[in-house]
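# Geometric and topological summary
Given next are the chains, with one letter for each unit.
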Amino acid sequence: MRLLMLGALRAHTGNGTTARRIQDHLEAAGHSCTLVDISSCKSPLAVSNLIPSKNFEAALGIHLYKAGRLLQGSGIPFGIIFGGTDINEDAKCDEKAKVMGRVLEEARFAVSFTESMKEAAAVHWPRARNKIYVQAQGIVTTCNASFNWKRFLQSEGILQDSSSLRLFLLICGLRRVKDPLYLVDAFAEWHREEPSTHLIIIGPAVDPLFAEEVKEKIKRADGVHLLQEISQEDLHALVKKCFAVVNSSISEGMSATILEAMDLNVPVMARNIPGNAAIIAHKTTGLLYSNPQEFVQLSKSLIGDPFLHKEIVMKAKEYVTKHHSWEHERKAYQNLVLMLQ
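A quick note: this is a predicted structure, and the numbers were derived from the prediction, not measured.

## A look at the UniProt feature "domain: Glycosyl transferase family" (unreviewed entry) in the protein
Those residues carrying the UniProt feature "domain: Glycosyl transferase family" (unreviewed entry) are residues 168-317 in this numbering. The annotated region residues 168-317 carries 45% helix and 17% strand content, and the separation between its end C-alpha atoms amounts to 19 Å.

## Brief notes about the sheet that holds strand β2 (residues 32-37)
The strand order β2-β1-β3-β4-β5-β6 describes an open sheet built from 6 strands, whose pairing is parallel. Bordering the open sheet on either side are β2 and β6 (132-134), each of which pairs with just one other strand. Sheet twist, expressed as the average angle between the axes of neighbouring strands with direction ignored, equals 20°. When strand β5 (residues 109-112) meets β6, the two strands line up parallel, connected through 3 bridges. Counterpart to Ala110 in the pairing with β6 is Ile132.

## A closer look at the sheet that holds strand β10 (residues 244-247)
Here we have 6 strands laid out as an open sheet, ordered β9-β8-β7-β10-β11-β12, and parallel in their pairing. Of all strands in the sheet, those bounded by a partner on one side alone are β9 (224-227) and β12 (287-289). Put simply, the sheet's adjacent strands are angled 25° from each other on average, direction ignored. Taken strand by strand, helix α9 (residues 208-219) contacts β8 (197-202) and β9, and its axis lies near 145° from that of β9.

## Thoughts on the packing of aromatic side chains
For the structure shown, the criterion picks out 9 aromatic pairs. Centre to centre, the rings of Tyr289 and Phe295 are 5.2 Å apart; their planes meet at 70°, and the pair counts as edge-to-face. Take Tyr289: its relative accessible area is 0%, and that puts it in the buried class. Among the aromatic residues, those joined into a cluster by ring pairs are Phe168, Tyr182, Phe187, Trp190, Phe243, Tyr289 and Phe295. When the ring centre of Tyr182 is taken as reference, the NZ or CZ atom of Arg271 above it lies at 3.6 Å.

## Details of the packing of helix α11 (residues 256-263) against helix α14 (residues 306-323)
Axes are the key here: two packed helices are described by the angle between their axes and the distance separating the axes. At their nearest, the axes of α11 and α14 sit 8 Å apart, and the two run at 115° to each other. Crossing handedness for the pair α11 and α14: left-handed. Contact residues: α11 offers Leu259, Met262 and Asp263, while α14 offers Ala316, Lys317, Tyr319 and Val320.

## Focus on the side chain of Asp90
Mapped onto the secondary structure, Asp90 falls in the loop between α4 (85-88) and α5 (94-106). The class for Asp90 is buried, based on a relative accessible area of 11%. Ignoring sequence-local partners within four residues, the contact set of Asp90 consists of His63, Tyr65, Thr85, Lys96, Ala97 and Met100.

## Regarding the pairing of β5
Alternating residues of β5 divide into Phe109 and Val111 and Ala110 and Ser112, and every residue in both groups is buried. As paired elements, strand β4 (residues 78-81) and β5 share 3 bridges and run parallel to each other. Looking at β5, one finds that Gly79 is bridged to Phe109. In this fold, β5 hands off to helix α6 (residues 115-124), which returns the chain to β6; that crossover is right-handed.

## So, helix α8 (residues 184-193)
Val184, Ala186, Phe187, Ala188, Trp190 and His191 are the residues of α8 that are buried. Elements that come into contact with the buried residues of α8 comprise β7 (166-171), β8, α9, β9 and α13 (292-304).

## So, helix α10 (residues 232-240)
Listed in full, the buried residues belonging to α10 are Leu235, His236, Ala237, Leu238 and Val239. For α10, the elements touching its buried residues are α7 (149-155), β7, β8, β9, β10 and α11.

## Here we look at the side chain of Lys118
With respect to the secondary-structure elements, Lys118 resides in helix α6. One buried charged residue, Lys118, forms no salt bridge at all, with the nearest opposite charge on Glu115 at 5.3 Å. Apart from residues no more than four positions distant in its own chain, Lys118 is found in contact with Ser112, Arg129, Ile132 and Val134.

## As for the domain arrangement of the protein
In terms of domains, the protein is made up of domain 1 (2-138 + 325-340) and domain 2 (149-323). One C-alpha centre belongs to domain 1, the other to domain 2, and the line joining them spans 28 Å. The interface is formed by 17 residues belonging to domain 1 together with 24 residues belonging to domain 2. Between domain 1 and domain 2 lies a buried interface of about 1,500 Å² when both sides are counted; carbon and sulfur atoms form 53% of it. Applying the counting rule to domain 1 against domain 2 returns 0 salt bridges. In this structure, the connection of domain 1 to domain 2 is made through 3 residue pairs in polar contact (both at pLDDT 80 or more). Each residue belonging to the side of domain 1 that touches domain 2 can be placed in one class, and the counts come to 4 nonpolar, 10 polar and 3 charged.

Rules used throughout
Residues numbered from 1 in each chain as written. Predicted model: local features only at pLDDT ≥ 70, side-chain atom pairs only at ≥ 80, totals over all residues. Heavy atoms only, no water. UniProt positions renumbered as here; feature names shortened; annotations may be inferred. Helix = DSSP H or I, 4+ residues; strand = E, 2+ residues; numbered from the N terminus. Pairing = 2+ DSSP bridges. Axes fitted to C-alpha atoms, helices over the stretch in contact; angles between N-to-C directions. Contact = heavy atoms within 4.5 Å. Phe/Tyr/Trp six-rings, centres within 6.5 Å; stacked < 30°, edge-to-face > 60°. Buried < 20%, exposed > 50% of the residue type's maximum accessible area, 1.4 Å probe, protein only. Lys NZ or Arg CZ within 6 Å of the ring centre and 35° of its normal. Left-handed = near helix turned anticlockwise from the far one by under 90°. Right-handed = clockwise from strand over helix to strand, strands pointing away. Lys, Arg positive; Asp, Glu negative; His and termini not counted. Salt bridge = Lys/Arg side-chain N within 4 Å of Asp/Glu carboxyl O. Domains from an automatic or database assignment. Buried area = accessible area lost by both parts, 1.4 Å probe. Polar contact = N/O pair within 3.5 Å; in protein donor to acceptor, adjacent residues only side chain to side chain. Nonpolar A, V, L, I, M, F, W, Y, C, P; charged D, E, K, R; others polar.

Given below as structure tokens:
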């Protein structure tokens, strides 16, 4: 089957990571999958014109609003994968909620990463409950063994002895819902007290205007560095070298970055929002903070308590291995896509 996969699919965005993983699952079953970013399809008409030109037989949309509204009325069967902001944020807008309801009526199935996200969707669109399937994200990580750690430090202007550094890594597309500036002031103040601590923010400029705001702010923030996106293999190698991976989002569906850090045996410190609390048990599989001051306090606790660090890493690895199996996810999508035939 020739499949169109439609969504905001930039590298190092959650939807992009999800799409490439599912593409691999479906192509392993003999399907042909073409990834198309919504930026190249401005209207449902553009998608309707694209479908016959590429002989697409079915489609998968990642994000109920952004991709779903473009697939509605396309003339081919499609399924939807919830992104997170569609259910957590867009559904609060009456006009968007109406559009998403119509998309769900037409979709053959929808996938939610968590039970809580499914329940939230079912509150808005109760008639769609029976076509929403829960499938947690499956995780697989691959590190570039030749990643040059010292050269990376030099390129970022971090010239201290690497053995004394404690790097905190925030991976996100630069857009407001990811709130990459949330911790910057508190971290800069902490860095002035403890110069070995650094915060690295890495990701694409999804919102160019906001990205400029981020760049200007970080120029004036001690110990905070903004890095351009790098390959997934280099990124995973970078994660391995960090003291902790950070999430500061206002809203999340299910953060693949958090799960990848768990798989790579690196502690996670995440903002205490429903999407993050669904996959992190505080002080067991990671740390949840509610404000920047609490983030600094918990960071200091993690630095000062090697036993807590070791326990979190061990429990998180056990959790991600048990509940986020890449093989289980593969079978699930290979079965779901049969509903589009």
